[in-house]
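Coordinate inspection notes
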Amino acid sequence: MNMKYYIVDAFTNQPFGGNPAGVVLLESAIFPKDELMLSIAAKLRFSETAFVRRHSAQEFTIRYFTPKAEVELCGHATIASFFLLHQKELASGQCLCHTQAGDLNITVGEKVMMQMAKPRIVATLDETKEIYQALGVKDYRPTMPVQVVYAGLPDIMIPLPCLDTLQSLQPDMGAISAITKKHDAVSFHVFAFANDGYTAHVRDFAPLYDIPEESATGTANASLTYYLQQCGCLGTEAECAFVQGEAMGRPSVIATKIQADGNLFVGGSAAIVAEGRLMAG
């Protein structure tokens, strides 16, 4: 089975910035076997690889694989996929994307913006000492709650006192894996305010899924937007810009928007880095 694949950096307009994703455009009407898609994702070695099946001019299904497992949704791989499709032949406008996390409305244009699943607070974690210890932060009692928040995937929102603390973290990946597994979450999504025109600076750790750190995370920043609104940091309508990836040398800017009706969107631009053909199956 021959398949065309691409490497696309999402949440940036410059190659080798943002968050890279593998994107496989399927020529067949059916998906390859799960084992093959997992093997391809492991071979490409990106945090997520998206397999894109086209149904009609504006309707698609995407499945997402990390090097270790399939996940229901990946924000940056979705942005990468639709940016790529737009560069190839997809017209500007509205698209429908079927995922295992539900159907998503995608707006394609100068930026790709995708509507997220209906967000919710999954749990408030009262015992936070082990969480901060896993990050190498001692004796900090947060003034905002540590919560598991869902906007397509469950992630743990973790506030920090300042940008210096965020950038100097010493994460224990084994401990983070154990804690995320314990709370059925994908990642630690750690943030700090900097008063510099951006909503917040963030870092994201998902070692349970073989992603020690990610340079741009669409779903987790969507969750963070909802979390900040619920904490009273944002109004009923707001547009946000989150900076991520600085510690990795791949700075990214993730745009989000939340509306009064609760609809939540995340997106940005992307850059195509490379393409090739997989000789598999």
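What counts as what
- Residues numbered from 1 in each chain as written.
- Predicted model: local features only at pLDDT ≥ 70, side-chain atom pairs only at ≥ 80, totals over all residues.
- Heavy atoms only, no water.
- Core = buried A, V, L, I, M, F, W, Y, C linked by side-chain atoms within 4.5 Å.
- Buried < 20%, exposed > 50% of the residue type's maximum accessible area, 1.4 Å probe, protein only.
- Helix = DSSP H or I, 4+ residues; strand = E, 2+ residues; numbered from the N terminus.
- Contact = heavy atoms within 4.5 Å.
- Pairing = 2+ DSSP bridges.
- Phe/Tyr/Trp six-rings, centres within 6.5 Å; stacked < 30°, edge-to-face > 60°.
- Lys NZ or Arg CZ within 6 Å of the ring centre and 35° of its normal.

Quick look at the nonpolar core
Within soluble globular proteins, side chains that are nonpolar generally end up buried alongside one another. If you look at the biggest cluster of nonpolar residues, it comprises 60 residues, and the most contacted ones within it are Tyr64, Phe82 and Ile106. Per-element accounting of this core gives the leading share, seven residues, to helix 2 (residues 75-88). Beyond its immediate stretch of four places on either side in the chain, tyrosine 64 contacts Thr49, Ala50, Ala69, Glu70, Val71, Glu72, Leu73, Cys74, Ala77, Thr78, Cys97 and Thr99. Counting residues in each nonpolar core, the second largest holds 20 residues, with Leu135, Val146, Ile158 and Ile176 among its members.

Points about the environment of aspartate 139
Along the chain, aspartate 139 falls in the loop between helix 3 (129-134) and strand 10 (147-150). In this structure aspartate 139 comes out as exposed when scored by relative accessible area, which is 81%. Along the sequence, aspartate 139 and lysine 43 sit 96 residues apart, while their C-alpha atoms lie 41 Å from each other.

Looking at the pairing of strand 3 (residues 49-56)
Inspection of the sheet shows strand 2 (residues 19-25) paired to strand 3 by four bridges, in the parallel sense. Note that in strand 3 the partner of leucine 25 across the bridge is valine 52. Strand direction decides the pairing type here: strand 3 and strand 4 (residues 59-65), joined by seven bridges, are antiparallel. Residue threonine 49 lies in a different strand from strand 4, and its bridge partner there is phenylalanine 65. Where strand 3 folds back onto strand 4 in an antiparallel hairpin, the turn is made up of two residues.

Quick look at the packing of aromatic side chains
Across all of its chains, the model carries five aromatic pairs by this definition. Here the aromatic rings of phenylalanine 60 and phenylalanine 82 are separated by 5.4 Å at their centres, their planes lie at 85 degrees, and the arrangement is edge-to-face. Of this pair, phenylalanine 60 sits in strand 4 while phenylalanine 82 sits in helix 2, and the two are 22 residues apart along the sequence. When sorted by exposure, phenylalanine 60 lands in the same class as phenylalanine 82, which is buried. Both rings, one in phenylalanine 191 and one in tyrosine 227, keep their centres 5.7 Å apart while their planes meet at 70 degrees; by these two values the pair is edge-to-face. Of this pair, phenylalanine 191 sits in strand 12 (residues 187-192) while tyrosine 227 sits in helix 6 (residues 218-230), and the two are 36 residues apart along the sequence. When its relative accessible area of 1% is taken as the criterion, phenylalanine 191 is described as buried. Counting every residue linked through ring pairs, the aromatic cluster contains Phe191, Phe193 and Tyr227. Between the NZ or CZ atom of lysine 257 and the centre of the ring of phenylalanine 265, over which it lies, the distance is 5.3 Å.

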